[in-house]
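Residues per chain are reported as follows:
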Amino acid sequence: MAGEDTVEIVALIAAAGRGIRMGGEVEKQFMLLGKKPLLVHALEHFQELSEVNQVIVSAPEERVEYCEREIVGRFGLSKVVAIVPGGEVRQESIYRALGRVSPTADLVVTHDAARPFLFEDVLARTIATARTCGAAVAAIPESDTVKEVNPDGAILRTVDRRLLWRAQTPQAFAWEVLQEAFSRARADGYVATDEAELVERAGYEVRVVPGSRWNIKVTTPEDMELAKLLLAWVAKGSDRRPGLD
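What counts, and where the lines are drawn
- Residues numbered from 1 in each chain as written.
- Predicted model: local features only at pLDDT ≥ 70, side-chain atom pairs only at ≥ 80, totals over all residues.
- Heavy atoms only, no water.
- Core = buried A, V, L, I, M, F, W, Y, C linked by side-chain atoms within 4.5 Å.
- Buried < 20%, exposed > 50% of the residue type's maximum accessible area, 1.4 Å probe, protein only.
- Helix = DSSP H or I, 4+ residues; strand = E, 2+ residues; numbered from the N terminus.
- Contact = heavy atoms within 4.5 Å.
- Expected span 1.5 Å × (residues − 1).
- Arc of directions from axis to C-beta.
- Phe/Tyr/Trp six-rings, centres within 6.5 Å; stacked < 30°, edge-to-face > 60°.
- Axes fitted to C-alpha atoms, helices over the stretch in contact; angles between N-to-C directions.
- Parallel < 35°, antiparallel > 145°, perpendicular 65-115°, else oblique.
- Left-handed = near helix turned anticlockwise from the far one by under 90°.
- Nonpolar A, V, L, I, M, F, W, Y, C, P; charged D, E, K, R; others polar.

## Quick look at the nonpolar core
In step 1: Core analysis: the biggest nonpolar cluster contains 34 residues, and I13, L39, L43, F46 and V55 have the highest contact counts within it.
In step 2: Sorting the residues of this core by element identifies β1 (9–14), α1 (38–48), β4 (54–59), α2 (64–73), β5 (80–85), β6 (107–112), α4 (120–133) and β7 (135–141) as the ones contributing at least two each.
In step 3: Setting aside residues up to four positions removed in sequence, V55 forms contacts with A11, I13, L43, F46, K79, V80, V81 and A82.

## Details of the environment of I9
In step 1: For I9, the location among the structural elements is in strand β1.
In step 2: Separated by 165 residues in the primary sequence, I9 and A174 place their C-alpha atoms 9.3 Å from one another.
In step 3: Apart from residues no more than four positions distant in its own chain, I9 is found in contact with E51, V52, N53, Q54, L107, V109 and I127.

## Thoughts on helix α7 (residues 221–235)
In step 1: Taking 1.5 Å of rise per residue, 15 residues should cover 21 Å, and α7 covers 21 Å from first to last C-alpha, within 8% of that figure.
In step 2: Within α7 the residues assigned to the buried category are M224, A227 and L230. Buried residues along α7 cover an arc of 120 degrees about the axis, so they all sit on one side. Across α7 from its buried face, at more than 90 degrees, point the exposed residues E222 and L229.

## As for the side chain of N215
In step 1: Topologically, N215 is positioned in the loop between β11 (207–210) and α7.
In step 2: Under the relative-accessibility criterion, N215 is labelled buried at 1%.
In step 3: Once residues lying within four places of it in the same chain are set aside, the contact partners of N215 are H111, R115, F117, L118, Q168, T169 and P170.

## A look at the packing of aromatic side chains
In step 1: Scanning the model with the defined rule gives four aromatic pairs in all.
In step 2: Ring centres 5.9 Å apart and planes at 35 degrees place the aromatic pair Y95 and F182 in the tilted group. Placement of Y95 in helix α3 (residues 90–98) and of F182 in helix α5 (residues 175–188) is noted, with a sequence separation of 87 residues between them.
In step 3: On the accessibility criterion, F182 (1% relative accessible area) is buried.
In step 4: When the centroid spacing of 6.2 Å and the interplanar angle of 75 degrees are considered together, the rings of F117 and W214 count as edge-to-face.

## A closer look at the packing of α3 against α5
In step 1: Contact geometry for α3 and α5: axes closest at 11 Å, N-to-C directions at 130 degrees. Between α3 and α5, the angle falls in the class oblique. Of the two possible hands of crossing, α3 and α5 adopt the one that is left-handed. In this structure, α3 contributes Q91, E92, I94, Y95 and L98 to the contact, and α5 contributes L178, Q179, F182, A185 and R186.
In step 2: Residue composition of the contact of α3 with α5, grouped by class: six nonpolar, two polar and two charged.

Have a look at this one:
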């Protein structure tokens, strides 16, 4: 990895989903939250953090031109250097974006377009941990009692929640680590739900760093209503996050 002062960091934003659970006519990443699409909220965090050099977005194939014009151009997101057509699943979308990353990059950060409340401290500490350890994931400890249930709905056991964390994005990895993890998964036909799983599977240690309960993923209409409430709170300029840290 390059010296601390010359680390090259590229962010990959997964924005190719169809948002079926949201139920709208427009993909959820393009739905307005306040006066901006969800995707813009996500991208602005990377635009503002000086450590991030470039951003690559994966979008639905038929939305690539729209993203160039109405997302990147309209909102002045100058760090976005490419918008690539995504795949049928998240893993394929991130892989296609990863293919546009220069081998000179040191760290690759992945993030969901549907997570609009990524605060700078979460992003910065995820990057800092990955710079030291090679792989890091923002996550929050599980606070609910968790049950393992069979297909018929009967509880099999209660899982020790003290050992459980809920993974979020951002997730950050050394470039060569993420490349190897994807190569192994593609060779084996293995599909994961996030990049950390692929890196774990390749035999690397992934460190958890404290995320935030604000860092919600907008998946359902109810999530969007919650996001509107959170946005209104943020707009007040309060330093206090309402019980969600």
